[in-house]
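Structure assessment
Residue strings, one per chain:
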Amino acid sequence: MISTNFFYIFKSLKSKITLLTLCIIALIQCIDAIANSGFEKLYGNPNPAFISLLSNNTNIHYTLIFLWIMPVLLILSFANNCNNERKIGLKNIYCIKVKRHTYWGSKIIVSFLYSFVICIIPLMINLLLNHIFLHGGNYFFMMETYPEDVIGEYIFFSIRHPYLIYFGYILSTSLVIGLLGVFCQSVCFIVNDEKLPYIIVFAIWILYFSDTRFAIGDAFVPFRVESSIQSGLSSICSFLPTVVVSSVISYIVTVIKKDEI
């Protein structure tokens, strides 16, 4: 059921629109970076990884645009299918053919895998295009000239291994978006409504960017002097309780209480 759901989703029109939307954002960021890079231009001659989407070093915060619309796209393209299935009675048919926990589990697993893949594809395309057109750039907004004791061990290492660090953040970002997909799916299970999940998930997701107590930005943005591996892991861990609690509630509602009847 997992493989069937996974490939079915990627064949759907909503999924194609979602992937296209994210790729367009990644492409626009590339155009901005390429057009404004070079000697005596806005961004100088930057390293491709340093000027790519996640690094957030262009004049427009494409990183926030990319991340903030994620909940809406994930609910629209996949997570809300369970409410549509419930509405037309298809959910009952699935639960007759397979056990309820199998139905729930397959949705949760696919929501993670789908969200992970839908995130990593545009990020890899973005880095590849920037690498092709900005190959040879080695500018890090003058940070490359600072000694280790000034900028810290982490950023010093990052500047000297930019692609390794950036790829690590691509994986980190995709992991968090995968967890966001699980959260979206869980809320859609809990709330038997087609519109309310958008409001709930978006409000909670934005909270992680607006309140320093729940700050999650260190899991996404590389080459920040104030960041470290520890702060990145801490950011991911700060989101885990929300995902776990919502998943448990969705299991109770879907499997134990049998809400679809």
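Here's a quick rundown of the structure.

Here we look at the nonpolar core
Counting residues in hydrophobic clusters, the biggest one holds 61 residues, and the most contacted among them are Leu 53, Phe 66, Leu 180 and Phe 239. Sorting the residues of this core by element identifies helix H2 (13-35), helix H3 (62-68), helix H4 (70-79), helix H7 (100-133), helix H9 (153-160), helix H10 (162-190), helix H11 (196-210) and helix H12 (229-256) as the ones contributing at least two each. With 14 residues, the top contributor of residues to this core is H10.

Some thoughts on the environment of Leu 74
With respect to the secondary-structure elements, Leu 74 resides in helix H4. Judged by its relative accessible area of 2%, Leu 74 falls in the buried class. With residues up to four places along the chain from it excluded, the contact list for Leu 74 reads Ala 79, Tyr 114, Ser 115, Ile 118, Ile 177, Leu 180, Gly 181 and Cys 184.

A word on the packing of H4 against H7
Look at H4 against H7: their axes get within 11 Å of each other, and the N-to-C directions meet at 125 degrees. Considering their axes alone, H4 and H7 lie oblique with respect to each other. Read as a crossing pair, H4 and H7 show a hand that is right-handed. Between H4 and H7, the residues in contact are Met 70, Leu 74, Ser 77 and Phe 78 and Lys 107, Val 110, Ser 111, Tyr 114, Ser 115, Ile 118 and Cys 119, respectively. When the residues that make up the contact of H4 with H7 are grouped by side-chain class, the tally is 7 nonpolar, 3 polar and 1 charged.

Structural notes on the packing of H11 against H12
Angle between the axes and distance between the axes: these two values describe a pair of packed helices. At a closest axis distance of 12 Å, the pairing of H11 and H12 adopts a crossing angle of 160 degrees. By the angle between their directions, the pair H11 and H12 is classed as roughly antiparallel. Once H11 is placed against H12, the crossing between them reads as right-handed. Contact residues: Ile 204, Trp 205 and Tyr 208 in H11; Ser 238, Phe 239 and Thr 242 in H12. Of the residues that constitute the contact of H11 with H12, the class distribution is 4 nonpolar, 2 polar and no charged.

Some details on the packing of aromatic side chains
The final tally for this structure, using the stated rule, is 16 aromatic pairs. Judged by centre distance (6.2 Å) and plane angle (85 degrees), the ring pair of Phe 183 and Phe 239 falls under edge-to-face. Of this pair, Phe 183 sits in helix H10 while Phe 239 sits in helix H12; the two residues are 56 residues apart in sequence, bridging distant segments of the chain. Just as Phe 183 is buried, Phe 239 falls in that class too. Joined through ring pairs, the aromatic side chains of Trp 68, Phe 183, Trp 205, Tyr 208, Phe 209, Phe 220 and Phe 239 make up one cluster.

A short note on unusual backbone geometry
Unusually for a residue other than glycine, Asn 56 sits at a positive phi of about 60 degrees. In this fold, Asn 56 is placed in the loop between H2 and H3. The phi dihedral of Met 142 falls on the positive side, at around 75 degrees, and the residue is not glycine. With respect to the helices and strands, Met 142 occurs in the loop between H7 and helix H8 (148-151). Note on Met 142: relative accessible area 40%, which makes it partly exposed.

Quick look at H10
Across its 29 residues, H10 extends 42 Å between first and last C-alpha, which sits within 8% of the 42 Å expected from 1.5 Å per residue. Counting buried residues in H10 gives 22 out of 29 residues, a clear majority hidden from the surface.

Section: the pattern of salt bridges
Proximity of charged atoms lets side chains of opposite charge pair with each other. What the rule picks out here adds up to 1 salt bridge. Between Asp 218 and Arg 224 there is a salt bridge; the shortest N-O distance is 2.7 Å. Overall, Asp 218 belongs to the buried group, its relative accessible area being 15%.

About the cut-offs
Residues numbered from 1 in each chain as written. Predicted model: local features only at pLDDT ≥ 70, side-chain atom pairs only at ≥ 80, totals over all residues. Heavy atoms only, no water. Core = buried A, V, L, I, M, F, W, Y, C linked by side-chain atoms within 4.5 Å. Buried < 20%, exposed > 50% of the residue type's maximum accessible area, 1.4 Å probe, protein only. Helix = DSSP H or I, 4+ residues; strand = E, 2+ residues; numbered from the N terminus. Contact = heavy atoms within 4.5 Å. Axes fitted to C-alpha atoms, helices over the stretch in contact; angles between N-to-C directions. Parallel < 35°, antiparallel > 145°, perpendicular 65-115°, else oblique. Left-handed = near helix turned anticlockwise from the far one by under 90°. Nonpolar A, V, L, I, M, F, W, Y, C, P; charged D, E, K, R; others polar. Phe/Tyr/Trp six-rings, centres within 6.5 Å; stacked < 30°, edge-to-face > 60°. Expected span 1.5 Å × (residues − 1). Salt bridge = Lys/Arg side-chain N within 4 Å of Asp/Glu carboxyl O.

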